[in-house]
Amino acid sequence: MIIDTFLSANTTKGFVSLYGDFLKGKKQYIIKGGPGTGKSTLMKNIGAYAENEGEDVEYVRCSSDPDSLDGVWLKKHNVAVCDGTAPHVLEPENVGCLGGIINITDCWDEKALTEATEEILLIKDKTAKAYRSAYGYLEAAGKILDTTFADATEKEERRIRGTAEDFCGTFLKKKKKNCEPIFERRFLSTFSYKGATAFYETCETLADKIYTIPYACGAANLAIAQIAEEAKNKLYPVTVFADPLLPQTVMGAVFPTEKLAVLALSPTFEAAETKEFAPFRGSTLTDITDGAADGACGILFEQTTDKLKNAKAHHDALERIFIKNMDFEKVGRITASLMTRIFSE
């Protein structure tokens, strides 16, 4: 089973990371290196090898550039390999016995990079400014969304509770026996340089039945949170997906043992027309919309995308400096050594 998720996201509340909970209990290999030094390629190679061996692989995508990887999770080996550089600075919890640091900084020409210091710092400053602007637009949208969310949840309080009860009564009736409680958090979507980006294919991989609830300005998220909590109490394994629009809430949940998922699709992160998700007919939520708020947020999100595109262009320029000063043969040897450690155990 191959899936794509995010463990961090660019949200209306800034950069939000879920790495802390994700890494607990796993053997952790944390990669240290600069942009363009081969971190993502290293993880893609590890994931590709595991795929060829028929293993389950979770690819953790970069929140700003979903074509790039921030991590790979190999369930069979209980191993997580992650990029430990900013903005999600990570350190392995138990160096030596449960993983360690993979240091790619040994593979670059430090003298050449030192000579390019002025150019590097200038590009990093431009990148930081672009991100600050992007987060400014997201924050402005968040203030609007918080208001419409508060209004909607007040109006829909009874329907939220009724929808959650009806869903659980229909699909999650019985309490699981002899089942290890698993409750995981991920992002299924983010704001990237490509705009509002979501991996609904992950739900299609994990679930045979996917139901949707009217977003109702985020009120549906509270129903999904109640559904997930009830499932957790009944010992169903649950993965919830935080909402980049309202990151304190969840916009979806998957129940893997039941091959079941429920999503609240906002206008911003609407699924492609090819996705045939079934509306949950037990939902009594009113499909509330606020055209003025949606229009204002749409403009702010367009500005966000433009700024993230600028940040990506600056980041690409920084990568080019590092790429020409890297010994990728040495990176390849480090990759081969790490793969031997992981797959020979």
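Up top you'll find the structure we're talking about.
This structure is a prediction, so every number in the text was calculated from the model and none was measured.

1. Examining the overall build of the chain
Counting its regular elements, the chain contains nine helices and 16 strands. Taking 2.2 N^0.38 as the reference for a compact globule, 345 residues should give roughly 20 Å; the C-alpha atoms of the chain span a radius of gyration of 21 Å, in line with that estimate. Along the first, second and third principal axes, the C-alpha atoms of the chain reach 65 × 50 × 35 Å. In the chain, buried positions account for 51% of the 345 residues. Once the 42 positive and 50 negative side-chain charges of the chain are each reduced to a mean point, those two points are 3 Å apart.

2. A closer look at the side chain of T190
Counting through the fold element by element, T190 comes out in strand 10 (residues 189–192). For T190, a relative accessible area of 0% corresponds to the buried category. A polar side-chain atom of T190 sits 3.3 Å from the main-chain carbonyl oxygen of S63. Those residues in contact with T190, other than ones at most four positions away along the chain, are F6, A9, N10, S63, G195, A196, T197, P244 and F269.

3. Quick look at the pairing of strand 13 (residues 238–242)
In summary, the side chains of a regular strand alternate between the two faces of the sheet. Counting buried positions over the five residues of strand 13 gives five, a clear majority of the element. Across the two faces of strand 13 the burial is the same, with V238, V240 and A242 and T239 and F241 all buried. Bridge count between strand 9 (residues 183–187) and strand 13: five bridges; the pairing is parallel. The residue of strand 13 that forms the bridge with R185 is V240. Both strand 13 and strand 14 (residues 250–255) contribute to a ladder of four bridges, which runs antiparallel. Across the sheet, V240 pairs through a bridge with A253, a residue of strand 14.

4. Comments concerning the environment of A261
Inspection of the secondary structure assignment puts A261 in strand 15 (residues 260–263). On the basis of relative accessible area, A261 is assigned to the buried category, the value being 0%. For the pair A261 and T212, spaced 49 residues apart in sequence, the C-alpha separation works out to 8.5 Å. Ignoring sequence-local partners within four residues, the contact set of A261 consists of A207, K209, I210, Y211, A253 and V254.

5. Details of helix 8 (residues 291–323)
Helix length check: helix 8 (33 residues) gives 46 Å between terminal C-alpha atoms against 48 Å at 1.5 Å per residue, within 8%. By the burial criterion, the buried members of helix 8 are A293, C297, L300, F301, T304, T305, L308, A311, K312, L318, I321 and F322. In this structure D290 caps helix 8, since a side-chain oxygen of it lies 3.2 Å from the backbone nitrogen of A292.

6. Details of the packing of aromatic side chains
Summed over all chains, the structure comprises 15 aromatic pairs. Here F167 and Y211 contribute two aromatic rings whose centre-to-centre distance is 6.4 Å and whose plane-to-plane angle is 80 degrees, an arrangement assigned as edge-to-face. In this pair, F167 is assigned in helix 5 (residues 157–171) and Y211 in strand 12 (residues 209–212), connecting sequence segments 44 residues apart. Summarising the aromatic geometry, the rings of F171 and F280 are spaced 6.0 Å apart at their centres and angled 55 degrees between planes, so their arrangement reads as tilted. Separated by 109 residues along the polypeptide, F171 in helix 5 and F280 in the loop between strand 16 (278–279) and helix 8 bring together distant segments of the chain. Take F171: its relative accessible area is 23%, and that puts it in the partly exposed class. Put simply, the rings of F167, F171, Y211, F255 and F280 touch in pairs and so form one group of aromatic residues. Between the NZ or CZ atom of K26 and the centre of the ring of W73, over which it lies, the distance is 4.7 Å.

Calculation notes
Residues numbered from 1 in each chain as written. Predicted model: local features only at pLDDT ≥ 70, side-chain atom pairs only at ≥ 80, totals over all residues. Heavy atoms only, no water. Helix = DSSP H or I, 4+ residues; strand = E, 2+ residues; numbered from the N terminus. Rg over C-alpha atoms; globule rule 2.2 N^0.38 Å. Buried < 20%, exposed > 50% of the residue type's maximum accessible area, 1.4 Å probe, protein only. Lys, Arg positive; Asp, Glu negative; His and termini not counted. Charge placed at Lys NZ, Arg CZ, Asp CG, Glu CD. Polar contact = N/O pair within 3.5 Å; in protein donor to acceptor, adjacent residues only side chain to side chain. Contact = heavy atoms within 4.5 Å. Pairing = 2+ DSSP bridges. Expected span 1.5 Å × (residues − 1). Phe/Tyr/Trp six-rings, centres within 6.5 Å; stacked < 30°, edge-to-face > 60°. Lys NZ or Arg CZ within 6 Å of the ring centre and 35° of its normal.

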